[in-house]
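# Remarks on the overall topology
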Amino acid sequence: MTTAQDSTTRELSELLSIKKIERVLFDYAYYLDMNLPDDLAALFTEDCYVAYGPNFGAEGRKAYRETLDGIGTFFSATSHHVSNVVVEFTDDLRSAKVRSVLYAWHRYTKEGKADGHFFGQYHDEFVFDDASGWRFTRRELRASGVVDFHVKKQIPIGRASA
């Protein structure tokens, strides 16, 4: 194969992997909105790390699954919108760093509690294995702003100051 063919083959592999990673991102939002915690947890590796705030998250799929136990009783509805997906691969195309933008709306079951809104980003690390495909190994939620959101402390997006 020529160098141009090698480059084209790599680019095609990257494009296919990006689409598969995007599907995992979109499945995450769907499973969360549909209250499917087992399907949600299956998108993560056994040794995953998840941070939804400075002191709120989990290490390992089992611990992460336990944090999802309340989504059916704490929320009566949610809607997660993921966009602006950027994927950076390692040389071997078996791991990637992924950044995406999130808007999330939450309707709480507690009567009289205002709907919560979250504006921010996901910063993820993915790994690929032949048996499971692309899976989250790390997920960090970073906030640009919130309105009546249930998590009181957020990890900032790291915006540069003027």
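Fair warning: this is a prediction, and the values are worked out from it, not measured in the lab. (Residues numbered from 1 in each chain as written. Predicted model: local features only at pLDDT ≥ 70, side-chain atom pairs only at ≥ 80, totals over all residues. Heavy atoms only, no water.)

Let's shift gears to the packing of aromatic side chains. One pair of aromatic rings is described through two measures. These are the centre distance and the angle between the planes. The tally for this structure, following the rule as stated, stands at 16 aromatic pairs. With a centroid separation of 6.3 Å and an interplanar angle of 45°, the aromatic rings of Y52 and Y64 are classed as tilted. Of the two residues, Y52 sits in strand β1 (residues 44–53) while Y64 sits in helix α3 (residues 61–67), which places them twelve residues apart along the sequence. Across the pair, exposure class does not vary: Y52 and Y64 are buried alike. Counting every residue linked through ring pairs, the aromatic cluster contains Y28, F44, Y52, F56, Y64, Y122, F126 and F136. (Phe/Tyr/Trp six-rings, centres within 6.5 Å; stacked < 30°, edge-to-face > 60°. Helix = DSSP H or I, 4+ residues; strand = E, 2+ residues; numbered from the N terminus. Buried < 20%, exposed > 50% of the residue type's maximum accessible area, 1.4 Å probe, protein only.)

Across all of its chains, the model carries eleven salt bridges by this definition. Of the charged contacts in the structure, one is a salt bridge between D27 and R23, with a shortest N-O distance of 2.9 Å. A residue pair is termed a helical-turn pair when its members lie 3 or 4 positions apart in one helix, as D27 and R23 do in helix α1 (residues 3–33) at four residues. Close ionic contact of E46 with R61 constitutes a salt bridge, the shortest N to O distance being 2.8 Å. Of this pair, E46 sits in strand β1 while R61 sits in helix α3, and the two are 15 residues apart along the sequence. You can call R61 partly exposed: its relative accessible area is 24%. Each of the salt bridges in this network shares a partner with another, and the network as a whole consists of D38, R65 and D69. (Salt bridge = Lys/Arg side-chain N within 4 Å of Asp/Glu carboxyl O.)

Function cannot be inferred from these measures alone, as they are strictly geometric.
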